[in-house]
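Given next are the chains, with one letter for each unit.
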Amino acid sequence: MVGAKMAAAAAAASIRERQTVALKRMLNFNVPHVKNSTGEPVWKVLIYDRFGQDIISPLLSVKELRDMGITLHLLLHSDRDPIPDVPAVYFVMPTEENIDRMCQDLRNQLYESYYLNFISAISRSKLEDIANAALAASAVTQVAKVFDQYLNFITLEDDMFVLCNQNKELVSYRAINRPDITDTEMETVMDTIVDSLFCFFVTLGAVPIIRCSRGTAAEMVAVKLDKKLRENLRDARNSLFTGDTLGAGQFSFQRPLLVLIDRNIDLATPLHHTWTYQALVHDVLDFHLNRVNLEESSGMENSPAGARPKRKNKKSYDLTPVDKFWQKHKGSPFPEVAESVQQELESYRAQEDEVKRLKSIMGLEGEDEGAISMLSDNTAKLTSAVSSLPELLEKKRLIDLHTNVATAVLEHIKARKLDVYFEYEEKIMSKTTLDKSLLDIISDPDAGTPEDKMRLFLIYYISAQQAPSEADLEQYKKALTDAGCNLNPLQYIKQWKAFAKMASAPTSYGNTTTKPMGLLSRVMNTGSQFVMEGVKNLVLKQQNLPVTRILDNLMEMKSNPETDDYRYFDPKMLRGNDSSVPRNKNPFQEAIVFVVGGGNYIEYQNLVDYIKGKQGKHILYGCSELFNATQFIKQLSQLGQK
C-alpha cells in the first residue's frame, strides 16, 4: 500500500490535470470518468456562464467535450430552445441572476434532467430558492444532482493559475490600492480572492502552510484564508480535506508552502520589457487565456490604385500544452525561438521532399528492372512515409502557427527597438553603468512608443536608490511630455515610492548583465523566414527577481532580513497563534507563490527557471489577475489621476 502511495505522489498530478479530471467527472454526471469503457457516452448539453466558459476553455477542447458526450455547449443567458429528452449539465457561479435563470429553465421544462454544478459554493438561501422553483414547476424529480465544485480559478499551465477573468477589475491592483476604498469594499475584494484560493486548495487536495509579509493586502488574504481553511477542517463531517482526496495528492508526505506576496514589493518587473517568447507574446500581442489573436495584414500591392485597403483578417491560435514547440520554447530568448522555427521548417521540408520523391518513383513503369527492385525497398519506405503523414501535417500546422506568431512579435521588436529597451532596463535594474543617457532614449523619436518610454522611465524611477532631483525630474517630465507620454502613472509611482520608502528599502534585482552574442548566422542568412537584422541577440543570465528571492528564502528556510518577519499560519494547528516563527524547520518540497494584485509571465518564467535547478521540487505560480505592461500602466494611470 505504501508503495502505491509513493507512486501516486511521484507521478504528481499537476493542478492542470486535477482541474481537468474534476471537470471531466462533472461532465460525466459527477461519477469518475473511465477511459476505456466501451459504448457511446450519454449525450448531454452543457450550460455554462462566462465564468464557467473561462475555466473550461483553457483545459478542454471542443473535441474533448464531444468525446465526453457534450453535443451542445451554450451560455446560460443565451436564448436556448427546449430539448426535452436530453440531460443538461450546468456549470455556473451561484449568482442571483444565474439562479433566476435556472429556475426559469425548470419552469419551462427545457431539459429531461438537470445536473446543477456551482463553480463556487452556493449559499443555503439560494439553494432553497432553487428547491422552491423546482417544487413550483413540479420538476423536483428532474433535478438529479446539485454539486458545489470548488473550481473557481483558471488554470493556464501545469504550474500556473489565475483567479478570474470576467470580473477581474474587482480584484485588480487598482481596486486594492485605491486611496478611497472603504473597508467593506476591501472586505469584498479579499473575500473574492480567498474564495478562489480556497477552491484551489480543495482541488489540489492539500492544506498549505501560509507565509506572508506584514501590513499588506497579502496579509489580509492570509488571515482570511487561514480562518476559512481552519473552519472547514474543524467541521469534520463536511470537511473537504479528508479521506480520498488527501492521500492520493502529490502532497501526501509534506504539506505545500503558500507564499502570499503583495504586488507592491516589486512594481518594476510588471513594467519591464521582456525577452522570452511567452512573455513577449503577452507583452506585445493580444494573448489571453492561452489564445493569441493576430491581425493578418493582407497584401496591398496587387490592389488597383484608389481601391479601398483590404480588411485585416483576424486569426486566433491556441498555444496549449499539447503544442510541443511552445512547451519547449516558451521560456527561451526570442532569437533562439526564431532560430528553432527555422530549423523545424528545414527538417519539415526535408521530410516532405522525401515523400514527394517516393511518389514520383512509384509512378514509374513496371517493365524496367531497376524500377522493380527500387519498388520493393521503397514500398516499405512509402508505407512509413504515409503513416507519418498525420504527424507531418500537425508539424506543419505548428510551424505555420509559430512562424506567424514569431513574425508578429519580431515586427514589434524591430519597430519599437524592444531589444534596446530590454537591455537598458536590465542594466538599470542591476545597477550597471549605463552606456547612453536615459534622456537620449526618451527623446529618440524612433525608439518605441510613448508607453515604452514611460515604462523605461518608471523602472528607472522605481529602481533608483536616490530619487532624481527636482530639476532633473522636471527635465525628464518635459522630455516625456514632448514624446507624447501621459504622466499620470508617474504621479502614482511618486506617492507609492514615498510611502514604500517609509516601509522598506528598495528591492534589489541582483546584479546581472545580458551579454550580446554574435548575431545568429542561420537567422541572418537571406533564406530565413525571419529578418533579424539589427536586433541584438541577447542571452539571459539567470537572476532571481524579488518574488523568486522571497520564495527561495521561505522554501529553503534561509534567514534573511527581507523575509524574517513574514507571518506564519498553519490552519491545521488547533490554536492559531500569531507568530513569524516557523514550527517546521525543514525546507519545503512544494510551494505555491501567489501574488495579490496581479502577476505576469516574466515572474512565472523566472520561477520556472529557478526550480529547474532544484531536484524534485515543484512550484506553482498564481495571481489575482494576469496583466501585461500596457494593462498595468493603465491601472497606474487611473490611480495617478485621483
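Note: the structure precedes this text.
Because the structure is a prediction, the values reported are computed rather than measured. (Residues numbered from 1 in each chain as written. Predicted model: local features only at pLDDT ≥ 70, side-chain atom pairs only at ≥ 80, totals over all residues. Heavy atoms only, no water.)

**Some details on the pattern of salt bridges**
Condition: One side-chain nitrogen of Lys or Arg within 4 Å of one carboxyl oxygen of Asp or Glu is enough to make a salt bridge. Numbering goes from the N terminus for both helices and strands, where a helix is a DSSP run of H or I of at least four residues and a strand is a run of E of at least two. Accessible area is worked out with a 1.4 Å probe on protein chains only. A residue is then buried under 20% of its type maximum, exposed over 50%, and partly exposed in between.
A full pass over the atoms with the stated rule returns 28 salt bridges. For Asp 452, the salt bridge goes to Arg 455, with nearest N and O atoms at 3.9 Å. Linking Asp 452 with Arg 455, this pair stays in helix α18 (residues 450-463), spanning three residues, or about one helical turn. On the accessibility criterion, Asp 452 (0% relative accessible area) is buried.

**Here we look at the sheet that holds strand β5 (residues 143-148)**
Test applied: Only strands joined by at least two bridges in the DSSP assignment are considered to pair. Whenever a helix is involved, its axis is fitted only over the stretch in contact; in every case the axis is a line through C-alpha atoms, and angles between N-to-C directions fall within 0 to 180 degrees. Here a residue-residue contact requires only that any non-hydrogen atoms of the pair lie within 4.5 Å.
If you walk across this open sheet you meet the five strands as β2-β1-β3-β4-β5, and the pairing is parallel. In the strand order of this sheet, the two ends are held by β2 (70-75) and β5, each with one partner. Neighbour-to-neighbour, the strand axes of the sheet open up by a mean angle of 20 degrees, direction not taken into account. Summarising the sheet, strand β3 (residues 83-92) and strand β4 (residues 111-118) pair through seven bridges and their orientation is parallel. What sits directly across from Phe 91, in β4, is Asn 117. On top of the sheet, helix α5 (residues 96-107) reaches β3, β4 and β5; it is set at about 165 degrees to β4, its chief contact.

**What to know about the packing of aromatic side chains**
Note the threshold: Any two rings among Phe, Tyr and Trp, with Trp reduced to its six-membered ring, count as a pair given centres within 6.5 Å; such a pair is stacked if its planes are under 30 degrees apart, edge-to-face if over 60, and tilted if neither. Charge-over-ring placement is defined geometrically: NZ (Lys) or CZ (Arg) within 6 Å of the ring centre, and within 35 degrees of the ring normal.
Within this structure, the stated rule accounts for 24 aromatic pairs. Taking 5.3 Å as the distance between ring centres and 75 degrees as the angle between the ring planes, the aromatic pair formed by Tyr 173 and Phe 632 counts as edge-to-face. Within this pair, whereas Tyr 173 is found in helix α7 (residues 173-177), its partner Phe 632 is found in helix α24 (residues 629-641), the two being separated by 459 residues in sequence. Classification of Phe 632 by relative accessible area gives buried; the value is 0%. Between Phe 200 and Phe 201 the ring centres are 5.1 Å apart and the planes differ by 85 degrees, which places this aromatic pair in the edge-to-face class. Judged on exposure class, the residue Phe 200 and its partner Phe 201 are both buried. Ring-pair connections join several aromatic residues into one group, and the members of that group are Tyr 277, Phe 287, Trp 326, Phe 334, Tyr 601, Tyr 604 and Tyr 621. Above the face of the Tyr 461 ring, Lys 497 is positioned so that its terminal group lies 5.6 Å from the ring centre.

**Some words on the sheet that holds strand β15 (residues 567-569)**
Strand order in this open sheet of seven strands is β6-β7-β17-β16-β9-β8-β15, and the pairing throughout is mixed. Because the sheet does not close on itself, it has two edges, and the strands there are β6 (154-157) and β15. Each strand axis lies, on average, 20 degrees off the axis of its neighbour in the sheet, ignoring direction. Those strands touched by helix α2 (residues 15-27) are β6 and β17 (618-623), and its axis lies near 135 degrees from that of β6. In this fold helix α22 (residues 546-555) packs onto β8 (209-212), β9 (257-262), β16 (590-596) and β17, with an angle of close to 145 degrees to the strand it touches most, β9.

**A look at helix α6 (residues 124-136)**
For clarity, the threshold we go by: Working rule for helices: expected span equals 1.5 Å times residues minus one. The directions considered for the arc run from the helix axis to the C-beta atoms.
Taking 1.5 Å as the rise per residue, α6 with 13 residues should run 18 Å; its terminal C-alpha atoms sit 18 Å apart, in good agreement. For α6, the complete set of buried residues consists of Lys 126, Ile 130, Ala 133 and Ala 134. In an axial view of α6, the angular spread of the buried residues amounts to 100 degrees, which keeps them on one side of the axis. Structural note: α6 exposes Arg 124, Leu 135 and Ala 136 on the side pointing more than 90 degrees away from its buried face. Packing partners of the buried residues in α6 comprise α5, β4 and β5.

**Structural notes on the pairing of β6**
Looking at chain direction, β6 and strand β7 (residues 160-162) are connected through three bridges and run antiparallel. Considered in β7, the bridge of Thr 155 is made with Phe 161.

**Regarding the side chain of Asp 570**
Positionally, Asp 570 belongs in the loop between β15 and β16. The class for Asp 570 is buried, based on a relative accessible area of 9%. Beyond its immediate stretch of four places on either side in the chain, Asp 570 contacts Ile 209, Asp 226, Arg 230 and Arg 255.

**Considerations on unusual backbone geometry**
In this structure, Phe 29 takes a positive phi of about 60 degrees despite not being glycine. Relative to the helices and strands, Phe 29 resides in the loop between α2 and β1 (44-48). The phi dihedral of Asn 290 falls on the positive side, at around 65 degrees, and the residue is not glycine. Relative to the assigned elements, Asn 290 resides in the loop between β10 (286-288) and β11 (291-296).

**Quick word on α22**
Among the ten residues in α22, ten count as buried, and that is most of the element. All of the buried residues along α22 are Pro 546, Val 547, Thr 548, Arg 549, Ile 550, Leu 551, Asp 552, Asn 553, Leu 554 and Met 555. Close packing links the buried residues of α22 with β8, β9, β16, α23 (601-612) and β17. Looking one or two residues beyond α22, the residue adopting positive phi is Met 557, at roughly 60 degrees.

**So, the pairing of β4**
In the case of a regular strand, side chains alternate between the two sheet surfaces. Rules: By convention, a crossover is right-handed whenever its connection, traced from the first strand over the helix to the second and viewed with the strands pointing away, goes clockwise.
Burial within β4 is extensive, with seven of its eight residues counted as buried. Read as a crossover between parallel neighbours, the route from β3 over α5 to β4 is right-handed. As paired strands, β4 and β5 are joined by five bridges and run parallel to one another. Bridging from a neighbouring strand, Leu 116 pairs with Val 146 of β5.

**Brief notes about the packing of helix α11 (residues 277-284) against helix α15 (residues 389-416)**
The packing of two helices is summarised by the inter-axis angle and the distance between the axes. As a reminder of what qualifies: Oblique is the label for every angle not falling under 35 degrees (roughly parallel), over 145 degrees (roughly antiparallel), or within 65 to 115 degrees (roughly perpendicular). Crossings are assigned a handedness: left-handed for a near helix turned anticlockwise from the far helix by less than a right angle, right-handed for a clockwise turn. Three residue categories are used. Nonpolar comprises Ala, Val, Leu, Ile, Met, Phe, Trp, Tyr, Cys and Pro, charged comprises Asp, Glu, Lys and Arg, and polar comprises the others, including Gly.
It is at 10 Å that the axes of α11 and α15 come closest, and there the two elements cross at 70 degrees. In terms of orientation, α11 and α15 fall into the roughly perpendicular class. α11 and α15 meet at a crossing whose hand is left-handed. Residues Tyr 277, Leu 280, Val 281 and Val 284 of α11 pack against His 402, Val 405, Ala 406, Val 409, His 412, Ile 413 and Arg 416 of α15. A per-class count over the contact of α11 with α15 returns eight nonpolar, two polar and one charged.

**A short note on the packing of α18 against α24**
Running from N to C, α18 and α24 point in directions that differ by 70 degrees, and their axes come no closer than 11 Å. Between α18 and α24, the interaxial angle falls into the category roughly perpendicular. Where α18 approaches α24, its residues Glu 451, Met 454, Arg 455 and Leu 458 are matched on the opposing element by Ala 629, Thr 630, Ile 633 and Leu 636. Looking at the contact of α18 with α24 residue by residue, the classes come out as five nonpolar, one polar and two charged.

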